Amino acid sequence: QVQLVESGGGLVQTGGSLKLSCAASGGIFSITTMGWYRQAPGKQRDLVASITSDGRTVYADSVRGRFTIYRDNAKNTVALQMNTLKPEDTAVYYCAALVVRAGTYWGQGTQVTVSS
């Protein structure tokens, strides 16, 4: 069983920065890809960025160039550095981990609010 604990959300003005962090525990040796998703009110949960265990990254078009995903395999953490934030980045952000033969595990979510 993998547990994911997120931190770092909050309120920031347009153009500001935030860093989200996620720590994994439990069945960490079975984790392959880790990532961040977000869900705004009334919308579906969408991928923001993901990173494999060997460092390959994928970004949503809307955040490419502004957000950077980091992973520390030794510490079992993944982070999302968010720069030049926009009001449309406002959402609940979820950490996710893909576990071999078990599917996707989710964190509890952390709110990010960007004021205009």
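This one's a predicted model, so the numbers in the text were calculated from it and none came from an experiment.

A. Molecular detail of the overall build of the protein chain. Counting its secondary structure elements, the protein chain contains zero helices and 11 strands. The order of helices and strands in the protein chain, counted from the N terminus, is β-β-β-β-β-β-β-β-β-β-β. At 13 Å, the protein chain has a C-alpha radius of gyration in line with the 13 Å of a compact globule built from 116 residues. With the principal axes as the frame, the protein chain shows a C-alpha extent of 40 × 25 × 20 Å. Looking at the protein chain as a whole, 41% of its 116 residues qualify as buried. Within the protein chain, residue pairs in contact and separated by at least 24 positions form 52% of the contacts whose partners lie at least 6 positions apart. For the protein chain, the exposed surface amounts to about 6200 Å²; the carbon and sulfur share of it is 50%. Side chains of the protein chain carry 11 positive and 7 negative charges; the gap between the two charge centres is 3 Å.

B. Representation of the state of the cysteines in the model. For the structure shown, the criterion picks out one disulfide. Covalently, cysteine 22 is tied to cysteine 95 through a disulfide, its sulfur atoms 2.1 Å apart. The chirality of the disulfide connecting cysteine 22 with cysteine 95 is left-handed, given an S-S dihedral of about -80°. Here cysteine 95 lies in strand 9 (residues 91-99) and cysteine 22 lies in strand 3 (residues 18-26), a separation of 73 residues in the sequence. Note on cysteine 22: relative accessible area 2%, which makes it buried. For cysteine 95, a relative accessible area of 0% gives the class buried.

C. Quick look at the side chain of arginine 38. For arginine 38, the position within the fold is in strand 4 (residues 31-39). By relative accessible area, arginine 38 is classed as buried at 14%. Here aspartate 89 takes part through its side chain, which lies 2.9 Å from a polar atom of the side chain of arginine 38.

D. Examining the packing of aromatic side chains more closely. A complete count under the given rule lists two aromatic pairs for this structure. Between tyrosine 37 and tryptophan 106, the aromatic rings sit 5.0 Å apart at their centres with planes inclined by 70°, giving edge-to-face as the arrangement. Of this pair, tyrosine 37 sits in strand 4 while tryptophan 106 sits in strand 10 (residues 103-106), and the two are 69 residues apart along the sequence. What makes tyrosine 37 partly exposed here is its relative accessible area of 25%. Taking the centre distance of 6.5 Å and the plane angle of 90° together, the rings of tyrosine 94 and tryptophan 106 count as edge-to-face. Highlighted residues: tyrosine 94 in strand 9 and tryptophan 106 in strand 10, separated in sequence by 12 residues. For tryptophan 106, a relative accessible area of 37% puts it in the partly exposed group. Here the aromatic residues Tyr37, Tyr94 and Trp106 are joined through ring pairs into a cluster of three or more.

E. Seen up close, unusual backbone geometry. Even without a glycine there, the phi angle at threonine 84 is positive, about 50°. Threonine 84 gets classed as partly exposed once you look at its relative accessible area, which sits at 44%. One non-glycine residue with positive phi stands out, namely arginine 101, at about 60°. With respect to the helices and strands, arginine 101 occurs in the loop between strand 9 and strand 10. What makes arginine 101 exposed here is its relative accessible area of 84%.

Rules and cut-offs
- Residues numbered from 1 in each chain as written.
- Predicted model: local features only at pLDDT ≥ 70, side-chain atom pairs only at ≥ 80, totals over all residues.
- Heavy atoms only, no water.
- Helix = DSSP H or I, 4+ residues; strand = E, 2+ residues; numbered from the N terminus.
- Rg over C-alpha atoms; globule rule 2.2 N^0.38 Å.
- Buried < 20%, exposed > 50% of the residue type's maximum accessible area, 1.4 Å probe, protein only.
- Contact = heavy atoms within 4.5 Å.
- Areas by Shrake-Rupley, 256 points an atom, 1.4 Å probe, with all protein chains shown as cover.
- Lys, Arg positive; Asp, Glu negative; His and termini not counted.
- Charge placed at Lys NZ, Arg CZ, Asp CG, Glu CD.
- Disulfide = S-S within 2.5 Å.
- Polar contact = N/O pair within 3.5 Å; in protein donor to acceptor, adjacent residues only side chain to side chain.
- Phe/Tyr/Trp six-rings, centres within 6.5 Å; stacked < 30°, edge-to-face > 60°.

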